[in-house]
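# Chain and residue survey
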Amino acid sequence: MKILHVNNQASVGYLLSRSQRKLGHKSDLLALNMKGQREPDYAEKSVRTLFLRLLNLLPSYELIHVHGGIGISGLGLAPFKASGKRFFAHYHGSELREGIQTSFHRIAERIFVSTPDLLRYCDNVGGRELIHIPNPVHMGDSERIDIHRRLKEIEKRGHILASHLPSLREVKGTDNVIKGVEEAKGSGVSIELDIIENLPPDEAMKRLERSDICIDWMSPDYDIHGVVSVEAMARGIPAICNIERSLYPEDIPIMDCKPEELGRLLRDICSNPERLVEISRRSREYAVAHHHPDNVARLIERFL
């Protein structure tokens, strides 16, 4: 099948297209060329030129997989739908929560969501069925840490290094992360925080790989984990996040924590870093099983 992914939140469109190629499809990506995302096959500099490029490319593809939902642009896509083109809409967050890109959802044959909390918002698309597709994360060259060697390094250097990778600080709850780390340090434990932001993906991942734990979403407004948690787990780095465990598989190894409890959890980890050994092992296994791009592409395969 000839598939065109449009938009590239968290490089999801890029990763899915590459894995779909392995499954025998012609699968490409059209997106804005943005720092922090993997490079698309067709790169544009503005939303306007991207839409014009999409109209130009449409005749060459059978299925258009739109990341971010379908809003007013659906007005221009409707004639293609009428002529037999297939469309998928794939929501990644606030577009569906706030009903921003939903006005032409009927164009989409299927509607996917990237996090399980978004299943709550079916009313924003007329009560239609929403299908959870976990975010794919690149695993190929992920450096898995040797947790036993890392524990020796922690003992030698005398502190635990925690990473935090915010795209938007107010969304990720960065202030709560800083507060929790400072609270833990104030109680006498040795922990340092590395805030990693505004870097190309490869550089950000190298910084992440130096950390012993990763603190992801720490906002009271969200009860999910992001791609960063999976990036950490893929490397065997234990992740901390404010999640609602009932939304996820029972074997998820993320250390769930409310923002106001972060300082206490960090104290517990610093006083007993040995607890990270089993979490590290389970983290890699979970990430591969649920978020390897090839496995995620196979989930979508049944709808093609």
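Look a little higher up for the structure.
Residues numbered from 1 in each chain as written. Predicted model: local features only at pLDDT ≥ 70, side-chain atom pairs only at ≥ 80, totals over all residues. Heavy atoms only, no water.

## As for the overall build of the protein
Counted only if it meets this: Here a strand is any run of E in DSSP of at least two residues, a helix any run of H or I of at least four, and the numbering for each starts at the N terminus. Relative accessible area decides the class of each residue, using a 1.4 Å probe on protein chains only: under 20% of the type maximum gives buried, over 50% gives exposed, and in between gives partly exposed. By the convention used here, residues are in contact when the closest approach between their heavy atoms is within 4.5 Å. Accessible surface is estimated by sampling points in the Shrake-Rupley manner with a 1.4 Å probe; for residues, cover comes only from the protein chains shown. Asp and Glu count as negative and Lys and Arg as positive, but His and the ends of the chain are not part of the count. Every charge is mapped onto a representative atom, which is NZ of Lys, CZ of Arg, CG of Asp or CD of Glu.
Across its full length, the protein holds twelve helices and twelve strands. Each principal axis of the C-alpha distribution contributes one length, and for the protein these read about 65 × 35 × 35 Å. Counting the 304 residues in the protein, one finds 52% classified as buried. Of the contacts formed within the protein by residues at least 6 apart in sequence, a portion of 62% connects residues at least 24 apart. Surface accessibility of the protein: about 13800 Å² in total, with carbon and sulfur atoms responsible for 48%. Of note, the protein has its 42 positive side-chain charges centred 5 Å away from the centre of its 43 negative side-chain charges.

## Some remarks on the state of the cysteines
Operational definition: For this text, the term disulfide refers to a pair of cysteine sulfurs within 2.5 Å.
This model, assessed by the stated rule, comprises zero disulfides. Cysteine cysteine 214 shares no disulfide, and the gap to the nearest cysteine sulfur, in cysteine 241, comes to 8.7 Å. Look at cysteine 214 and you get buried, because its relative accessible area is 0%.

## Section: the pattern of salt bridges
Working definition: two side chains of opposite charge can pair if their charged atoms are close together. Where we set the bar: By definition here, a salt bridge exists when the distance from a side-chain nitrogen of Lys or Arg to a carboxyl oxygen of Asp or Glu is within 4 Å.
If you walk through the whole model with that rule in mind, you get 26 salt bridges. The partner of aspartate 223 in a salt bridge is arginine 120, with the nearest N and O atoms 2.9 Å apart. Here aspartate 223, found in the loop between strand S10 (213-215) and helix H9 (227-234), pairs with arginine 120, found in the loop between strand S6 (110-113) and strand S7 (131-132); they are 103 residues apart in sequence, far enough to count as distant. We classify arginine 120 as partly exposed; its relative accessible area is 48%. Here glutamate 192 and lysine 185 are joined by a salt bridge, their closest N and O atoms 3.8 Å apart. Residue classification places lysine 185 among the partly exposed positions, given a relative accessible area of 32%. Linked by salt bridges that have partners in common, Arg18, Arg21, Lys26, Asp28 and Asp41 make up one network.

## Notes on the pairing of strand S1 (residues 2-6)
The test is simple: The pairing criterion is simple: DSSP has to find at least two bridges between the two strands. Whether a crossover is right-handed comes down to one check: with the strands pointing away from the viewer, does the path from the first strand over the helix to the second run clockwise; if it does, it is right-handed.
With four of five residues buried, S1 lies mostly within the body of the structure. Judged from the five bridges that link them, S1 and strand S2 (residues 26-32) form a sheet pairing that is parallel. Each residue of the ladder has a partner; that of valine 6, found in S2, is leucine 30. Running through helix H1 (residues 12-22), the crossover from S1 to the neighbouring parallel element S2 is right-handed.

## Concerning the sheet that holds S1
Spelled out, the test is: Inter-axis angles, ranging from 0 to 180 degrees, are taken between N-to-C directions of lines fitted to C-alpha atoms, where helices are fitted over the stretch in contact.
Pairing is parallel in the open sheet, where seven strands are placed in the order S3-S2-S1-S4-S5-S6-S7. The sheet is open, and its two edges are formed by strand S3 (42-44) and S7, each paired on a single side. Sheet topology places strand S5 (residues 86-91) next to S6; four bridges connect them, and they run parallel. Within the sheet, the bridge partner assigned to histidine 90 lies in S6 and is phenylalanine 112. Across the sheet, helix H2 (residues 47-57) is in contact with S1, S2, S3 and strand S4 (63-67); its angle to S2 comes to roughly 155°.

## Considerations on the environment of alanine 43
By secondary structure assignment, the location of alanine 43 is in strand S3. Distance in space between the C-alpha atoms of alanine 43 and alanine 287 is 29 Å, their sequence separation being 244 residues. Aside from chain neighbours lying at most four places away, what touches alanine 43 is Ala31, Asn33 and Arg53.

## Some remarks on unusual backbone geometry
Most peptide bonds are trans, and most residues other than glycine sit at a negative phi. One non-glycine residue with positive phi stands out, namely asparagine 7, at about 85°. Residue classification places asparagine 7 among the partly exposed positions, given a relative accessible area of 23%. Positive phi outside glycine occurs at serine 11, with the angle close to 60°. Inspection of the secondary structure puts serine 11 in the loop between S1 and H1. Looking at serine 11, the relative accessible area reads 6%, which means it is buried.

## What to know about the nonpolar core
Threshold: Buried Ala, Val, Leu, Ile, Met, Phe, Trp, Tyr and Cys residues that are joined via side-chain atoms within 4.5 Å together make up what is termed a nonpolar core.
Ranked by size, the top nonpolar core spans 34 residues in total, and within it Leu165, Ile191, Ile213, Ile215, Ile240, Leu266 and Ile269 carry the most contacts. Residue assignment for this core shows that the elements contributing at least two residues are helix H5 (147-157), strand S8 (160-164), helix H7 (174-186), helix H8 (201-209), S10, H9, helix H10 (262-271) and helix H11 (276-291). With five residues, H10 is the largest single contributor of residues to this core. When near neighbours in sequence (up to four residues on either side) are disregarded, isoleucine 269 contacts Ile160, Ile213, Ile240, Met255, Arg275 and Leu276. By size, the runner-up hydrophobic cluster in this structure holds 24 residues, among which are Leu54, Ile64, Leu96 and Ile111.

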